[in-house]
Amino acid sequence: MALIVQKFGGSSVANAERVMNVARIVTETYAKGNDVVVVVSAQGDTTDDLIEKAKEINPSASKREMDMLLSAGEQISISLLAMAIEKLGFKACSLLGWQAGFSTNSVYGAARIKKVTAERIRLELSKKNIVVVAGFQGLNKYDDVTTLGRGGSDTSAVAIAAAMHADRCQIYTDVDGVYTADPRKVPGAVKLDEITYDEMLELATLGAQVLNNRSVEMAKKYNVVIEVLSSLTRVPGTLVKEAVKMEKMLVRGVTKDANVARISIIGVPNVPGIAYKIFGKLAAENINIDIILQSVGRDGKKDITFTTSRDNSEQAVKVLKGLELGENLSIECDDTNVAKVSVVGAGMETHPGVAAKMFEALFEADINIQMISTSEIKISVLIDAEHADDAVRAVHDAFIPDEK
Ligand code: ADP
Ligand code: ASP
Ligand code: MG
């Protein structure tokens, strides 16, 4: 008998019909003789709706209360799914994150899982139940409910698979696998049979929300093979694992990340220690920085521009204003009009010309590049947000041939 973890995202449980559909998938798996642990997200747009409800009352509500509120979405899904499973004549038991043994740190809204004891899950499995666990949530050392950050149910599923040494970890969603670009935006996107953890981690971090990046990080750490597949069409999905069969494709994916803000500090003194002062303080405030660009000094002054996520931009500007970096400087923040487009592929490290090809595709689409950053397996450019979808399509078409 195998232990199978199956996770279903918000769209897979969006309404009663979809919940019954999920109940059929999990009971079929159980009926084949497997132990089944199911992880579910909140239905449809529930989490967004709860955030809106909070904003109506208090736009700067404490993060603790936000987590208390947002965790409610998953509680609805687990109970409804357990009822649906019972309706099909099978035994089910729903569990909240804390009941399933999820301990996290205390970073409300972005908590990290420290441990999953899974004792209660094991107990319920031994009673022949299909166990339905609320994704996205845990409990901290103060016995407060925490959430793992948007898209965190993927990580809950991988954490259970790792803790219980599951035989399979299946992430069911509304597309039938990982594609070379968002298949809803890029008609020519190609489904990948397999992708490495490192490539998937880059794609997820750079905007492909099909998997949450922390779930991929955890899967790599504990060697959990993830299978991404559709809850609506029964076709083989994509395997995310350590090593994959060699493919000729140089670029494995093109992504867009619209959650980007660009901040410029114009006219800082051209003396040593300025970058340290700025980025040291931002790091101390837990503000993640992405691309950094510094101009050549002129007349004793220089400009420093960097990107961060939109949700951090206000705080970053506040930190910079408090730094007293010099006289007559100005701080500019654009947190609505920029987006990042990236190409990812492990093969590009050893192939010259990938950057040039990307820039050529953007030039031909008449799209201006504001900033560039590269690593061994990715190239990112910052561009106007309004051109981002066109840019993804242009770059995708330049790299991904019609037939794989
Ligand atoms: P779930 O609710 O199941 O967690 P998400 O909305 O988080 O689903 O993720 C699935 C969505 O990710 C798809 O509907 C698709 O539009 C989007 N997506 C973005 N990039 C990719 C990609 N490279 N491959 C597949 N899907 C992608
Ligand atoms: N419901 C949460 C969200 O919308 C978690 C998830 O879907 O994975 O972000
Ligand atoms: Mg998701």
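Read on for an overview of the structure. (Residues numbered from 1 in each chain as written. Chains lettered and ligands numbered in written order. Predicted model: local features only at pLDDT ≥ 70, side-chain atom pairs only at ≥ 80, totals over all residues. Heavy atoms only, no water.)

1. Here we look at the site of ligand 1
In step 1: In the region of ligand 1, 17 residues are neighbours, and Thr-173, Asp-174, Tyr-179, Asp-182 and Arg-184 sit closest.
In step 2: Contact distances for ligand 1 include 2.8 Å between an oxygen atom and a side-chain N or O atom of Arg-184.
In step 3: Starting from 580 Å² of accessible surface for ligand 1 in isolation, the protein chains cover 87%. (Near = heavy atom within 4 Å. Polar contact = N/O pair within 3.5 Å; in protein donor to acceptor, adjacent residues only side chain to side chain. Areas by Shrake-Rupley, 256 points an atom, 1.4 Å probe, with all protein chains shown as cover.)

2. Observations regarding the nonpolar core
In step 1: Core analysis: the largest hydrophobic core is formed by 69 residues, its most contacted members being Ile-121, Ile-160 and Val-343.
In step 2: It is helix 6 (residues 153-163) that contributes the most residues to this core, six residues altogether.
In step 3: Every residue in contact with Ile-160, bar those within four places of it in the chain, is listed here: Val-5, Val-37, Val-39, Phe-102, Val-116, Ile-121 and Val-133. (Core = buried A, V, L, I, M, F, W, Y, C linked by side-chain atoms within 4.5 Å. Buried < 20%, exposed > 50% of the residue type's maximum accessible area, 1.4 Å probe, protein only. Helix = DSSP H or I, 4+ residues; strand = E, 2+ residues; numbered from the N terminus. Contact = heavy atoms within 4.5 Å.)

3. With respect to the layout of surface pockets
In step 1: In this structure, the second largest pocket spans a volume of roughly 370 Å³.
In step 2: Forming the boundary of the second largest pocket are 16 residues, of which Ile-113, Lys-114, Met-218, Lys-221 and Tyr-222 lie nearest the centre.
In step 3: Mapped onto the lining of the second largest pocket, the elements with two or more residues apiece are strand 5 (113-116), helix 6 and helix 8 (213-222).
In step 4: Residue contributions to the lining of the second largest pocket peak at five residues, all from helix 8.
In step 5: Of the residues assigned to the lining of the second largest pocket, the class counts are nine nonpolar, one polar and six charged. (1 Å grid on protein atoms, 1.4 Å probe; cavity = no way out; pocket = protein on both sides within 12 Å on 5 of 7 lines; lining within 4 Å. Points joined across faces, edges and corners; volume = space filled by probe spheres on them. Nonpolar A, V, L, I, M, F, W, Y, C, P; charged D, E, K, R; others polar.)

4. Details of the side chain of Thr-180
In step 1: For Thr-180, the location among the structural elements is in the loop between strand 9 (168-173) and strand 10 (194-196).
In step 2: Engagement of the side chain of Thr-180 in a polar contact is seen with the backbone nitrogen of Val-190, the distance being 2.8 Å.
In step 3: Looking at Thr-180, its side chain comes within polar contact range of the side chain of His-396, at 2.7 Å.
In step 4: The contact partners of Thr-180, leaving out residues within four places of it in the chain, are Ala-189, Val-190, Leu-192, Met-249, Arg-252, Gly-253, Val-254, His-396 and Ile-400.

5. Quick look at the packing of aromatic side chains
Working definition: an aromatic ring pair is given by the centre-to-centre distance plus the angle between the planes.
In step 1: According to the stated counting rule, one finds three aromatic pairs in the structure shown.
In step 2: Relative to Phe-90, the ring of Tyr-30 lies with its centre 5.9 Å away and its plane at 90°, an arrangement referred to as edge-to-face. With a gap of 60 residues between them, Tyr-30 in helix 1 (residues 16-31) and Phe-90 in the loop between helix 3 (63-87) and strand 3 (92-95) connect regions that are remote in the sequence.
In step 3: Centroid distance Phe-279 to Phe-306: 5.5 Å. Interplanar angle 80°. Geometry classified as edge-to-face. Here Phe-279 is found in helix 9 (residues 274-284), whereas its partner Phe-306 is found in strand 16 (residues 301-308), with 27 residues between them in sequence. Accessibility assignment for this pair places Phe-279 and Phe-306 in one class, buried. (Phe/Tyr/Trp six-rings, centres within 6.5 Å; stacked < 30°, edge-to-face > 60°.)

6. A few points about the site of ligand 2
In step 1: Close to ligand 2 lie Ser-41, Ala-42, Thr-47, Glu-74, Phe-136, Arg-150, Gly-151, Gly-152 and Ser-153, which account for all nearby residues.
In step 2: Ser-41 places a polar side-chain atom, nitrogen or oxygen, 3.3 Å from an oxygen atom of ligand 2.
In step 3: Separating an oxygen atom of ligand 2 from a backbone N or O atom of Gly-152 is a distance of 3.4 Å.
In step 4: When ligand 2 is considered free in solution it has 260 Å² of accessible area, and contact with the protein chains removes 87% of it.

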